[in-house]
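# Secondary and tertiary structure notes
Each chain, written out:
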Amino acid sequence: MKKWFVVVFALVAIAIFAQGFERNQTVYIGGSLWSPPSNWNPFTSWNAVAGTIGLVYETLFLYDPLVGQFEPWLAESGEWVKPDTFRVKLRNNLTWQDGKQLTIDDIIFTFELGKKFSGINYSPIWNWLSRIEKVDSRTIDFIFSDPRYQEWGQQLISIAIVPKHIWEGKSEADILQGANEKPVGSGSYYVESWADDRNVFRKNANWWGIKELGLNPKPERVVVLRVLSNNVAVGMLMKGELDWSNFFLPGIPILQKSYGIHTWFKEPPYMLPANTTGIFLNVRKYPLSVVELRRAMAYAIDPNKIVDRAFEKMVTASNAAGIMPVPGWMKYYPDETVQKYGFKYDPEKAKAILDEIGFKDINKDGFREDAQGRPFKLTIECPYGWTDWMVSIQSIAEDLRKVGLNVEPIYPDASKYNDDLYGGKFDIILNNYVTGVSSTIWSYFNAVFYPDAVNADYSYSGNFGKYHNPEVATLLDELNRTSSNDQAKMKELVAQLSEILLKDLPFIPLWYNGAWFQASSDVWSNWPDTSNPYAWPIGWAGHWQLGGIKVLFNIEAK
Ligand code: CA
């Protein structure tokens, strides 16, 4: 009798294991995990499994790029009560996943950790944040020596609040380098398990937001899959093995028509914009130091050819300033400035500019020499294997050769490419790492102009071509120090920065890379789209706080 019971029990257990999780309670998501999960440390969010911040750890605010607004999250409210004082009121009844209360002391602890240890990614805020003061049991004031309104907003949606009772005993090395394999956050999901090909998040049935926000995470489990290629992802999506895809996938019309795959727009470009992609030019290296040459290049390149050839119309060509078409940014769009100083595809104009500066093909080999008659050759690079970008730089090089510029596409492996990019060791380089959607248009101009790059061996924050202009540094600081309430000043500064970008062209914006999103309706429905725009549908690191988590509160099991 006993034996029989054990056998049946074992068979049932095997059956459950083989079946995996209850399918209609599980969301399978892909597009953010490229190596086996090994890190859940919110202080090294770039190495952590996507969702570590957003699902497990939470931020004081979210930001919705679809409407251009901050949304209080752990905070109940936040406002500038004085020009130098930002007051945060915390929600009631916040809890950690281990059952302890989340209090104002956890908030203070998290921010002050950046002062205690200088190596935390938000430590630099202590150069302009002076102190934090407790007002009452749920209210704190952040008092600034130098309020940087724009950057602060971005910090409010980026800094993951951690439990003091767990982190206060950790060493600096543990905080800065630890894997944090048992993360305890305050979020709607916790880490249940992981394997080489997946990370499993399990619903936190005691999440504070169920009562306080009236939001209920629908899937019992969110399984982040490591899918090895986009081709594999297409197959999984067609078979309904992947519910939510954030991969770059070709063939959207067929996926829509024959497999019912859901995208943001039903028609091209299908996808929301996620960042501005363009070329950084090595402005310190002759002949790229010649501004007219850069200007001729801007006129010579046809971004719409790239949109068609490399992206099957899933992206759109950018405006000349590269300002992304999201509401929070477009309200500052300097239309007159772009009309006056902007460029558009016009190869004849490119040739005329080159003729005018004396860059002519003297020896009739098809390529222009410089004004002194010296031949020159430039390279343009992107990582090997990034097929859409490889096609893109081929198209750019082709356009530049058509106007007589000898430009060759090269494809180093990704690590060499990154070293070239960060180290400024290139002629022309295609990139979009730091020009992504954010809560502030300041971040875009900071990415394009980042002044500290000029004297640094390596820059990770932008201005990869090391463009130097003290006026830009001043304007950027001024923009950062302008409150979003001062719309007129914001607009004026954006116009001035755009004018410098368009005149000097250290970066030539080309198109908006997509917020790749394709969803299967086999198991889950009510995915967001342009007619039901309830959330930014992306689960990449840094995007859960932009609305990714809201997808999980709104999808419905069939
Ligand atoms: Ca020649």
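Here's a quick rundown of the structure. These numbers come from a predicted model, not from an experiment.

### Structural notes on the overall build of the protein chain
- The helix and strand inventory of the protein chain stands at 19 helices and 20 strands.
- Taking 2.2 N^0.38 as the reference for a compact globule, 558 residues should give roughly 24 Å; the C-alpha atoms of the protein chain span a radius of gyration of 25 Å, in line with that estimate.
- Seen along its three principal axes, the alpha-carbon backbone of the protein chain occupies a region of about 95 × 55 × 45 Å.
- Across the 558 residues in the protein chain, those meeting the buried criterion constitute 56%.
- Surface summary for the protein chain: the accessible area is close to 23400 Å², and the carbon and sulfur share equals 51%.

### A few points about the coordination of the calcium ion
- Protein ligation of the calcium ion involves Asp361 (OD), Asn363 (OD1), Asp365 (OD), Phe367 (O), Glu369 (OE) and Glu369 (OE), the donor distances falling in the range 2.0 to 2.9 Å.
- Note that the calcium ion binds six donor atoms; their angles at the metal cover 50 to 174 degrees, and the shape is irregular.

### Let's talk about helix H7 (residues 230-238)
- Of all the positions in H7, only Ala233, Val234, Gly235, Met236 and Leu237 are classed as buried.
- In this structure, the buried side of H7 is in contact with strand S10 (221-225), strand S11 (244-245), helix H8 (252-259) and strand S18 (518-519).
- Once H7 ends, the next one or two residues include Gly240, with phi positive near 75 degrees.

### Focus on the nonpolar core
- The biggest cluster of nonpolar side chains holds 180 residues, and the ones touching the most others in it are Leu60, Phe111, Phe142, Ile279, Ile428, Phe445 and Phe449.
- Ranked by residue count, the leading element in this core is helix H18 (residues 487-504), at seven residues.
- When near neighbours in sequence (up to four residues on either side) are disregarded, Phe449 contacts Asn463, Tyr467, Val472, Leu476, Leu497, Ile500, Leu501 and Pro506.

### Some points on the sheet that holds strand S8 (residues 189-195)
- Reading across the sheet, the six strands line up as S8-S9-S10-S1-S11-S18 and stay open at both edges, with mixed pairing between neighbours. In this open sheet, the two strands that pair with only one neighbour each are S8 and S18.

### A word on unusual backbone geometry
- The omega angle of the peptide bond from Pro268 to Pro269 is 10 degrees, so this bond is cis rather than trans.
- Relative to the elements of secondary structure, Pro269 occurs in the loop between H8 and strand S12 (272-281).
- Look at Tyr270: it is not a glycine, yet its phi comes out positive at around 65 degrees.
- By secondary structure assignment, the location of Tyr270 is in the loop between H8 and S12.
- Even without glycine at this site, Lys364 takes up a positive phi of about 55 degrees.
- In this structure, Lys364 sits in the loop between helix H13 (347-356) and strand S14 (378-381).
- When its relative accessible area of 69% is taken as the criterion, Lys364 is described as exposed.

### Overview of the side chain of Glu58
- Considering the arrangement of structural elements, one finds Glu58 in the loop between strand S1 (26-30) and strand S2 (61-64).
- For Glu58, the side chain forms a polar contact with the side chain of Trp73, separated by 2.9 Å.
- With residues near it in sequence (within four places) discarded, Glu58 still touches Trp73, Leu74, Ile159, Ala160, Ile161, Ser186, Gly187, Ser188, Trp207 and Trp208.

### Details of the packing of aromatic side chains
- One pass over the structure, following the stated rule, counts 42 aromatic pairs.
- Here the aromatic rings of Trp80 and Phe144 are separated by 5.3 Å at their centres, their planes lie at 45 degrees, and the arrangement is tilted. Of this pair, Trp80 sits in strand S4 (residues 75-82) while Phe144 sits in strand S7 (residues 139-144), and the two are 64 residues apart along the sequence.
- Taking the relative accessible area as the measure of exposure, Phe144 reaches 3% and is therefore buried.
- Through pairs of rings, three or more aromatic residues link up here, namely Phe43, Trp80, Phe86, Phe111, Tyr122, Trp128, Phe142, Phe144, Tyr149, Trp152 and Trp167.

### Notes on the pairing of strand S17 (residues 507-515)
- Among the nine residues of S17, nine are classified as buried, and the element is accordingly described as predominantly covered.
- As judged from the eight bridges shared by S12 and S17, these two strands associate in the antiparallel manner. Of the residues in S17, the one forming a bridge with Phe280 is Phe507.
- Pairing analysis gives two bridges linking strand S13 (residues 316-317) to S17, with the strands arranged antiparallel.

### Side note on a nonpolar patch on the surface
- A cluster of nonpolar side chains, Met238, Ile254 and Tyr259, forms an exposed patch at the surface whose accessible area comes to about 280 Å².
- When its relative accessible area of 31% is taken as the criterion, Met238 is described as partly exposed.

### Some points on the packing of helix H17 (residues 470-480) against H18
- For the pair H17 and H18, interaxial distance at closest approach is 10 Å and the crossing angle is 155 degrees. On the basis of their axis angle, the class for H17 and H18 is roughly antiparallel. When you trace H17 past H18, the crossing you get is left-handed. Contact residues: H17 offers Glu471, Val472, Leu475, Leu476, Glu478 and Leu479, while H18 offers Lys489, Met490, Leu493, Val494, Gln496, Leu497 and Ile500.
- A breakdown of the residues in the contact of H17 with H18 according to their chemical character gives nine nonpolar, one polar and three charged.

### What to know about the pairing of strand S9 (residues 198-203)
- Examined bridge by bridge, S8 and S9 share six bridges and lie antiparallel to one another. Bridging from a neighbouring strand, Tyr189 pairs with Lys203 of S9.

### Quick notes on the environment of Gly404
- You can see Gly404 is positioned in the loop between helix H14 (387-402) and strand S15 (407-410).
- Sequence spacing of Gly404 and Thr110 is 294 residues, and the spatial spacing of their C-alpha atoms is 56 Å.
- Beyond its immediate chain neighbours, meaning those up to four positions away, Gly404 contacts Gly366, Phe367 and Arg368.

Rules and cut-offs
- Residues numbered from 1 in each chain as written.
- Predicted model: local features only at pLDDT ≥ 70, side-chain atom pairs only at ≥ 80, totals over all residues.
- Heavy atoms only, no water.
- Helix = DSSP H or I, 4+ residues; strand = E, 2+ residues; numbered from the N terminus.
- Rg over C-alpha atoms; globule rule 2.2 N^0.38 Å.
- Buried < 20%, exposed > 50% of the residue type's maximum accessible area, 1.4 Å probe, protein only.
- Areas by Shrake-Rupley, 256 points an atom, 1.4 Å probe, with all protein chains shown as cover.
- Donors = N, O, S within 2.8 Å, 3.2 Å for Na, K, Ca; no water.
- Tetrahedral: all angles 85-135°; square planar, octahedral: opposite > 155°, others 65-115°.
- Contact = heavy atoms within 4.5 Å.
- Core = buried A, V, L, I, M, F, W, Y, C linked by side-chain atoms within 4.5 Å.
- Pairing = 2+ DSSP bridges.
- Polar contact = N/O pair within 3.5 Å; in protein donor to acceptor, adjacent residues only side chain to side chain.
- Phe/Tyr/Trp six-rings, centres within 6.5 Å; stacked < 30°, edge-to-face > 60°.
- Patch = residues over 30% accessible without salt bridge, like charges linked within 9 Å, V, L, I, M, F, W, Y side chains within 5 Å.
- Salt bridge = Lys/Arg side-chain N within 4 Å of Asp/Glu carboxyl O.
- Axes fitted to C-alpha atoms, helices over the stretch in contact; angles between N-to-C directions.
- Parallel < 35°, antiparallel > 145°, perpendicular 65-115°, else oblique.
- Left-handed = near helix turned anticlockwise from the far one by under 90°.
- Nonpolar A, V, L, I, M, F, W, Y, C, P; charged D, E, K, R; others polar.

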